[in-house]
Amino acid sequence: MPGEERSTPTGGLRRARARAALLAILASGCVVGLPVPDLGGLYNRSAQEDLSRNPIVVVPGLLGSRLENQETGRTVWGAFVPLRRQGAELALPMRAGAPLAALRDSTHAVEVLDRVRVDWLRLSVEQKAYFHLLAALGAGGYRDANLGLAGAIDYGSDHFTCFQFPYDWRRDLVESARSLDAFLREKRAYVVDELRARGIERPDVKFDVVAHSLGGLVLRYYLRYGTAEPPPPGTPPSWAGAELIERAVLVGTPNGGSLAAFRALLEGERITWILPRYEAAVLGSFPSFYQLLPRSRHARVVAEGADAPLDILDPTVWQERRWGLLDPGQAAALAELLPGRSPTERQAIARDQVEKGLARAARVQGALDVPAATPSGLSIHLIAGDAAPTPARVAVDVERRVRVVDTGPGDGVVLRESALLDERPGGQWSPRLVTPIDWSRITFLFSDHLGMTRDPAFTDNLLFVLLEEPGRGRGKASAPAREPPGDPALRYDAIP
């Protein structure tokens, strides 16, 4: 660009580094025949000259943090040896009568899985899970400490701060929101000190947060309620999390739940044939999986041969149909998870776990679904896929097999309707979107669930929101909320 040609040699070096950070994205995300924007050129000046912009926090989705047993030092999620049994050590403890928060083990989240390693025939195969997202932020001048120190990406000497938030994705969303609060407060103190060392006094630092999939639910709960327990039904959000966050970007988040989580709770999960199988009994110990269930009011699940939708948060339905932990076929897995107990005792513990998981899910989902206007000074953005056929309705037979009955537009995992939390399915249809979420911007991409982060259109839209979008208000947390829109007119940013 003519104005940029007159920049200093240092500026040219910065642009070169920014463009280099995008090579992986451009190589893997291009569609043959379509032009790709020069993203480094588009956003370099804003990235280098806007000293007031917020630091970034990346929140991964389900399975997106490496979990390690702190007693043994063994990785229980994130580094895999094919065909080795790993399921039982991933399960959370279960105990009848104990609250979910008290059921803890020695496993903790240690880092975001920007790469997943699979050891196979003495070879290591890596899947760059969140590498592309972090590289995209690098193009905007956001330096991630983990990747930068490891030499994976050269961000240059001038940078702003980017952090990865690892969390135990097995656990309750409210617990993860509390961990996010502690993380943000620690990092704010660090950023304030770093800025002060550069002669900048900014004690009221706020963050922009980019959250993928399940991470978006953690983020939304935190924004609405901070570290508090879910309030009584219908209680308006306090927006406590807006104290620390100015801009939230949700990527492929199942705001209305996911049928993939429902299937996994009933059938277990094998990610690929060379990786271990995780039995339904293992996944049924995770509170997060129940909180990922679709809303019953959206009529996503029916019994095979019937049309009436099932209330999948009703524990009676699970008991009568012997779903998940209550499946007789899970007896061997339960015996491994609950050794030294009789079959009767194991069944009682399993029934208690299902009841607690469903009750907690109902409370958390109810809190997330309360209609509320976004407070001034906070913006909530959605990036979602709507081009891949995605399960929209399933039928369950007497053998607890799940069959897809209908599909709809989505990203292959998350329905477009779920990402939007569209309340029209299962209810009265209207030509305008009906949702309890007061979205600030919605962008649809033609990519799959994880592939979105490799798409240049994703990077382009993300960097525009973070760096150049007008109307960014600094220091307006806790300002009064706008009046709830009666018929929200959402901006549709289609990607050609």
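Structural notes, computed from the coordinates. (Residues numbered from 1 in each chain as written. Predicted model: local features only at pLDDT ≥ 70, side-chain atom pairs only at ≥ 80, totals over all residues. Heavy atoms only, no water.)

1. Quick notes on the overall build of the protein
No. 1: Broken down by element type, the protein carries 17 helices and 19 strands.
No. 2: Residues classed as buried in the protein amount to 55% of the 496 residues present.
No. 3: On the protein, roughly 20,800 Å² of surface is accessible, and the fraction owed to carbon and sulfur atoms is 54%. (Helix = DSSP H or I, 4+ residues; strand = E, 2+ residues; numbered from the N terminus. Buried < 20%, exposed > 50% of the residue type's maximum accessible area, 1.4 Å probe, protein only. Areas by Shrake-Rupley, 256 points an atom, 1.4 Å probe, with all protein chains shown as cover.)

2. Quick word on the pairing of strand β18 (residues 441–445)
No. 1: With five of its five residues buried, β18 lies for the most part within the structure.
No. 2: By the bridge criterion, five bridges tie strand β15 (residues 379–385) to β18 in an arrangement that is parallel. Pairing of Gly385 across the sheet is with Leu445, part of β18. (Pairing = 2+ DSSP bridges.)

3. Considerations on the sheet that holds strand β2 (residues 65–69)
No. 1: One open sheet accounts for three strands, arranged β3-β2-β5; its pairing is antiparallel. The open sheet has two edge strands with one neighbour each: β3 (75–77) and β5 (107–112). Ignoring which end each strand starts from, the neighbouring axes of this sheet average 40° apart. (Axes fitted to C-alpha atoms, helices over the stretch in contact; angles between N-to-C directions.)

4. Thoughts on the environment of Ala331
No. 1: Take Ala331: it is sitting in helix α14 (residues 331–337).
No. 2: Judged by its relative accessible area of 42%, Ala331 is partly exposed.

5. Observations regarding helix α9 (residues 214–225)
No. 1: With twelve residues, α9 extends 17 Å between its outermost C-alpha atoms, agreeing within 8% with the 16 Å of an ideal straight helix rising 1.5 Å per residue.
No. 2: Most of α9 is tucked away: twelve of the twelve residues are buried.
No. 3: Regarding α9, the residues found buried are Leu214, Gly215, Gly216, Leu217, Val218, Leu219, Arg220, Tyr221, Tyr222, Leu223, Arg224 and Tyr225.
No. 4: On the buried face of α9, the contacting elements are β1 (56–59), α8 (173–197), β10 (207–212), β11 (245–251), α15 (343–368) and β15. (Expected span 1.5 Å × (residues − 1). Contact = heavy atoms within 4.5 Å.)

6. Things to note about the environment of Gly268
No. 1: Within the element layout of this structure, Gly268 appears in the loop between α10 (259–267) and β12 (269–270).
No. 2: In this structure the C-alpha to C-alpha distance between Gly268 and Val282, which are 14 residues apart in sequence, comes to 7.9 Å.
No. 3: Once residues within four sequence positions are removed from consideration, Gly268 is found in contact with Arg263, Arg277, Tyr278, Glu279, Ala280 and Leu283.

7. Observations concerning unusual backbone geometry
No. 1: Even without glycine at this site, Trp239 takes up a positive phi of about 55°.
No. 2: Residue placement: Trp239 occurs in the loop between α9 and β11.

8. So, the pairing of β1
No. 1: Side-chain alternation along β1 places Ile56 and Val58 on one buried face and Val57 and Val59 on a second face that is also buried.
No. 2: Sheet analysis places β1 next to β10, joined by four bridges and oriented parallel. Across the sheet, residue Val58 finds its bridge partner in β10, namely Val210.

9. Observations concerning the packing of α8 against α9
The relative placement of two packed helices comes down to the angle between their axes together with the axis-to-axis distance.
No. 1: Where α8 contacts α9, the two axes come as close as 9 Å, and the packing angle between them is 75°. Considering their axes alone, α8 and α9 lie roughly perpendicular with respect to each other. Facing Leu173, Val174, Ser176, Ala177, Leu180, Asp181 and Leu184 of α8, the residues of α9 in contact are Leu214, Leu217, Val218, Leu219, Tyr221 and Tyr222.
No. 2: Of the residues assigned to the contact of α8 with α9, the class counts are eleven nonpolar, one polar and one charged. (Parallel < 35°, antiparallel > 145°, perpendicular 65-115°, else oblique. Nonpolar A, V, L, I, M, F, W, Y, C, P; charged D, E, K, R; others polar.)

10. Comments concerning the sheet that holds strand β16 (residues 388–396)
No. 1: Taken in spatial order, the three strands of this open sheet run β14-β16-β17, and their pairing is mixed. This sheet does not close on itself; its edge strands, each paired only once, are β14 (301–303) and β17 (402–410). With direction set aside, neighbouring strand axes in the sheet form an average angle of 35°.
No. 2: Sheet topology note: the β14/β16 ladder contains three bridges and is parallel. The residue of β16 that forms the bridge with Val301 is Val394.

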